[in-house]
Amino acid sequence: MPQEEPTPSARQTELLEAAYQYALAHGLTDLSLRPLAEAIGSSPRVLLFLFESKDGLLRALLARARADELALLGQAGRPDRPTGLVSAVQRVWTWLAAKEHRPLLRLWAEAYTRSLVQPDGAWTGFARATVEDWLGVLAGFQPPTERDSEDGAARRTLALAVLRGALLDLLATDDEKRVTAAVEHQLALLHDGNGGG
């Protein structure tokens, strides 16, 4: 029987939230406990006690970022009834392109990349989990007959590839106009291909 995770203390929750805000501003790659602890009004010893290790803190931060991403993607909206992949890509891209989401999305890109090149430790499974999260959001826009078919899975995978590639380009260049035009071009192709327009 799997053990239940203990409920975090109020102090652990408070420090995790402060560390998350720090990570949004500074990233995770060069995260060092001493500067982090100083910035959030704690100590490395307290952080290690509450999160068991630096990897434990990183895992908690990644889980917190993933929860934020899922909540915000949820706001991008699963429709009351399936509206097709064109609608899905439009809604998700509008959310991805919003400037206020850039800190979270930079953190996502950093964690996604680290999960690919360091598949063990704190980063284990992050990239795969986010792919599944995003595919789940896109599947919610597809009618059941499309969603449950091999072609439907391939189409949402292509839609995700376009969104992820456009997002990485946007984060690298900040050229929202050019990247949005490319996404809209792909939407026209998706619509013309009768992909749930």
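Everything quoted here is computed from the prediction, not taken from an experiment.

**Student:** How should I be thinking about helix α1 (residues 10–26) in this particular structure?
**Tutor:** Every α-helix winds through 3.6 residues per turn, so residues three or four apart in the chain are directed the same way. Look at α1: 24 Å from first C-alpha to last across 17 residues, which is about the 24 Å you get at 1.5 Å a residue. All buried positions along α1 are accounted for by Gln12, Leu15, Leu16, Ala19, Tyr20, Tyr22 and Ala23. Buried residues in α1, looked at end-on, bunch into an arc of 165°, giving them a common side. Structural note: α1 exposes Ala10 and Ala25 on the side pointing more than 90 degrees away from its buried face. Just downstream of α1 lies glycine 27, where phi reads positive at about 85°.

**Student:** Sorry if this is basic, but what is going on with the packing of helix α2 (residues 33–40) against helix α3 (residues 44–51) here?
**Tutor:** Describing two packed helices takes the angle between their axes plus the distance from one axis to the other. Where α2 meets α3, the axes come as close as 8 Å, and the angle between the chain directions of the two elements is 95°. Between α2 and α3, the angle is such that the two are roughly perpendicular. Side by side, α2 and α3 meet where Leu33, Arg34, Leu36, Ala37 and Ile40 of the first sit next to Pro44, Leu47 and Leu48 of the second. In terms of residue class, the contact of α2 with α3 is made up of seven nonpolar, no polar and one charged.

**Student:** Would you mind going over the packing of aromatic side chains with me for this structure?
**Tutor:** Aromatic ring pairs are described here by two measures, namely the spacing of the ring centres and the angle between the planes. Enumeration according to the criterion identifies two aromatic pairs in this entry. Each ring, one from tryptophan 108 and one from tyrosine 112, has its centre 5.0 Å from the other, and the planes form 35°; the classification is tilted. In this pair, tryptophan 108 and tyrosine 112 are both assigned in helix α6 (residues 102–117), four residues apart and thus about one turn of the helix distant. The residues tryptophan 108 and tyrosine 112 share a single accessibility class, namely buried. Pairing tryptophan 108 with tryptophan 134 gives two aromatic rings, centres 5.4 Å apart and planes at 20°, and the pair type is stacked. Within this pair, whereas tryptophan 108 is found in helix α6, its partner tryptophan 134 is found in helix α7 (residues 126–139), the two being separated by 26 residues in sequence.

**Student:** Help me out: how do you make sense of α3 in this one?
**Tutor:** Buried residues of α3: Leu47, Leu50 and Phe51, and no others. Within α3, the buried residues cover an arc of 80° as seen down the axis, which keeps them to one side. α3 presents Arg45 and Phe49 as exposed residues on the side facing more than 90 degrees away from its buried surface. Glutamate 52 lies just past α3 and shows a positive phi near 75°.

**Student:** Any chance you could explain unusual backbone geometry here in plain terms?
**Tutor:** Among all residues except glycine, the phi angle is most often negative; among peptide bonds, the trans geometry is most common. The residue glutamate 52 is not glycine, and still its phi comes out positive at about 75°. By secondary structure assignment, the location of glutamate 52 is in the loop between α3 and α4 (54–77). Backbone geometry places aspartate 174, a non-glycine residue, at a positive phi of 60°. Among the structural elements, aspartate 174 can be located in the loop between α9 (150–173) and α10 (176–192). For aspartate 174, a relative accessible area of 43% corresponds to the partly exposed category.

**Student:** Would you take a moment to explain the environment of alanine 188 for this structure?
**Tutor:** With respect to the secondary-structure elements, alanine 188 resides in helix α10. Separated by 102 residues in sequence, alanine 188 and valine 86 have C-alpha atoms that sit 8.3 Å apart.

**Student:** Help me understand the pattern of salt bridges, please; the structure alone is not making it clear to me.
**Tutor:** Counted according to the given criterion, the structure contains 11 salt bridges. Between arginine 64 and aspartate 68 there is a salt bridge, and its shortest N-O distance comes to 3.3 Å. Here aspartate 68 and arginine 64 lie together in helix α4, a separation of four residues that amounts to about one turn. The class for aspartate 68 is partly exposed, based on a relative accessible area of 21%. Here glutamate 132 ties to arginine 128 by a salt bridge, and the two come within 3.7 Å at their closest N and O atoms. Of this pair, glutamate 132 and arginine 128 both sit in helix α7, four residues apart, which is roughly one turn of the helix. Take arginine 128: its relative accessible area is 62%, and that puts it in the exposed class. Here the salt bridges share partners, and the residues they tie into one network are Glu17, Arg64 and Asp68.

Each value, and the rule that gives it
- Residues numbered from 1 in each chain as written.
- Predicted model: local features only at pLDDT ≥ 70, side-chain atom pairs only at ≥ 80, totals over all residues.
- Heavy atoms only, no water.
- Helix = DSSP H or I, 4+ residues; strand = E, 2+ residues; numbered from the N terminus.
- Expected span 1.5 Å × (residues − 1).
- Buried < 20%, exposed > 50% of the residue type's maximum accessible area, 1.4 Å probe, protein only.
- Arc of directions from axis to C-beta.
- Axes fitted to C-alpha atoms, helices over the stretch in contact; angles between N-to-C directions.
- Parallel < 35°, antiparallel > 145°, perpendicular 65-115°, else oblique.
- Contact = heavy atoms within 4.5 Å.
- Nonpolar A, V, L, I, M, F, W, Y, C, P; charged D, E, K, R; others polar.
- Phe/Tyr/Trp six-rings, centres within 6.5 Å; stacked < 30°, edge-to-face > 60°.
- Salt bridge = Lys/Arg side-chain N within 4 Å of Asp/Glu carboxyl O.

These values are about where atoms sit, not about what they do.
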